[in-house]
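# Understanding the architecture of this molecule
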Amino acid sequence: MAPSTSSGTYDIGIDLGTANTLVHARGKGVVLNEPSVVAVNAAGDVIAVGAEAKRTIGRTPSGITALRPLREGVIADFHAAEQMLRALMKKALPTRRFSKPRVVICVPSGITGVERRAVIDSARGAGAREVHLIEEPMAAAIGAGLPVAEPVGCMVVDIGGGTTEVAVLSLGGLVAAQSVRVAGDALDAAIIAYVKKKHALAIGERTAEDIKIAIGSAAWSPVAEDEDGTPERPTTYTVRGRDHVGGLPRVQEVTEEEIRQALAEPVDAIVRAVHRTLDECPPELSGDIVERGIALTGGGALLRGLDQRLRQELGVPVTVADQPLDCVVNGTAKCVDEFATLKGLLADAKEPPRRAVRRL
């Protein structure tokens, strides 16, 4: 489908995430996937955005600060968020002809009225002509291909960078939902704290994320071996950091079992959020979930063994969605591409939140 040019505007969808921001342009697909990072100087002026800014984390000279405008799924720095949105929208829409787009932005389900207003004002300040919001679990469910508009219950657990969104959906709405501020960032922080306590080694966020991706797990699983006896995946990771006592660089090897212990507390919090949501679910929809199972989306869905852990704890089928990293932006994109049909799933910028979602 070619983008409409009759009004001189260009519809775009934005997955405004704590870790990454993805931009979908109608008729073009996902045109941008950048880290949600901004580098600013002492005067508060933005000097780099996205991947360029992320490369400066932990390496900036005095007078330059690399920061994340979003924390735990909401805007923590209004000015930096507006500048980041402006820069990313400019990258996505380089032609001045489309300088006033209609924007659909994905936000956490437990976002407050003040936080919603911050998102809307940031987008309008960045040049949006019209702003619509869609709740993150709804976008994730649409992107995962769940039948959200049908009179059946479906359940999605979206584990992003700042929040984990758990929701039961039916007939185009959220029936029961939990929004917990435990997700990818909390997993990284748990690894940082564990390595510091157990090995007296200071590491940064990027190193913690690398460890999580390489050997992080939520449940034990056997490691298969090749014909020559070599494990198919690593079970140890060599960490480079700063000795917390002596202050000198040091190398330390950590094991998969250690990192599983480090991640136990945030993983338990995610499991409890899913359990509470199931407790609030009406009996009829609970039956649908037992039959259809739970879909895991977001970057956290890739944590090894998380689906196994949830199946063991809840006794419900759990599957990881296809391309879990892209489910939210794909759901937002569908609302952009089929705006007239799916407009009912969006929250108009002028209206208050449609429902209260418990946020923990």
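The following paragraphs examine the structure supplied in this document. (Residues numbered from 1 in each chain as written. Predicted model: local features only at pLDDT ≥ 70, side-chain atom pairs only at ≥ 80, totals over all residues. Heavy atoms only, no water.)

### Comments concerning unusual backbone geometry
In the Ramachandran plot, Ala 200 falls in the positive-phi region, its phi being about 55 degrees despite a non-glycine side chain. Secondary-structure assignment places Ala 200 in the loop between α5 (184-199) and β14 (201-202). On the basis of relative accessible area, Ala 200 is assigned to the partly exposed category, the value being 23%. Despite not being glycine, Gln 323 has its phi angle at roughly 50 degrees, a positive value. Relative to the helices and strands, Gln 323 resides in the loop between β18 (318-320) and α11 (327-337). Accessibility expressed as a relative area gives 55% for Gln 323, which makes it exposed. (Helix = DSSP H or I, 4+ residues; strand = E, 2+ residues; numbered from the N terminus. Buried < 20%, exposed > 50% of the residue type's maximum accessible area, 1.4 Å probe, protein only.)

### Thoughts on the packing of aromatic side chains
All chains considered together, the criterion is met by zero aromatic pairs. Its end group placed over the ring of Phe 339, Arg 102 keeps NZ or CZ at 3.9 Å from the ring centre. (Phe/Tyr/Trp six-rings, centres within 6.5 Å; stacked < 30°, edge-to-face > 60°. Lys NZ or Arg CZ within 6 Å of the ring centre and 35° of its normal.)

### Notes on the nonpolar core
Core analysis: the biggest nonpolar cluster contains 40 residues, and Val 274 and Ile 294 have the highest contact counts within it. Elements that contribute at least two residues to this core include exactly β11 (154-159), β12 (164-170), α5, α6 (205-215), α8 (264-280), α9 (283-292), β17 (294-297) and α10 (306-314). Both domains that meet at this core, namely domain 2 (146-182 + 264-320) and domain 3 (184-262), each give it at least three residues. Membership of the second largest hydrophobic core comes to 31 residues, among which are Val 40, Leu 85, Val 119 and Leu 133. (Core = buried A, V, L, I, M, F, W, Y, C linked by side-chain atoms within 4.5 Å. Domains from an automatic or database assignment.)

### So, the environment of Ser 221
The topology assignment puts Ser 221 in the loop between α6 and β15 (236-243). For Ser 221 and Arg 304, which are 83 residues apart along the polypeptide, the C-alpha to C-alpha distance reads 8.7 Å. Setting aside residues no more than four positions away along its own chain, Ser 221 makes contact with Arg 233, Arg 304 and Gln 308. A distance of 3.2 Å separates the side chain of Ser 221 from the side chain of Arg 233, its partner in a polar contact. (Contact = heavy atoms within 4.5 Å. Polar contact = N/O pair within 3.5 Å; in protein donor to acceptor, adjacent residues only side chain to side chain.)

### Brief notes about the packing of helix α4 (residues 136-143) against α11
Orientation of α4 relative to α11, taken along the N-to-C sense of each, is 90 degrees, at an axis distance of 6 Å. Considering the angle they form, α4 stands roughly perpendicular to α11. For the pair formed by α4 and α11, the contact residues are Glu 136, Ala 139, Ala 140, Ile 142 and Gly 143 on the first element and Cys 327, Val 328, Asn 330, Gly 331, Thr 332, Lys 334 and Cys 335 on the second. Partitioned by chemical class, the residues of the contact of α4 with α11 number six nonpolar, four polar and two charged. (Axes fitted to C-alpha atoms, helices over the stretch in contact; angles between N-to-C directions. Parallel < 35°, antiparallel > 145°, perpendicular 65-115°, else oblique. Nonpolar A, V, L, I, M, F, W, Y, C, P; charged D, E, K, R; others polar.)

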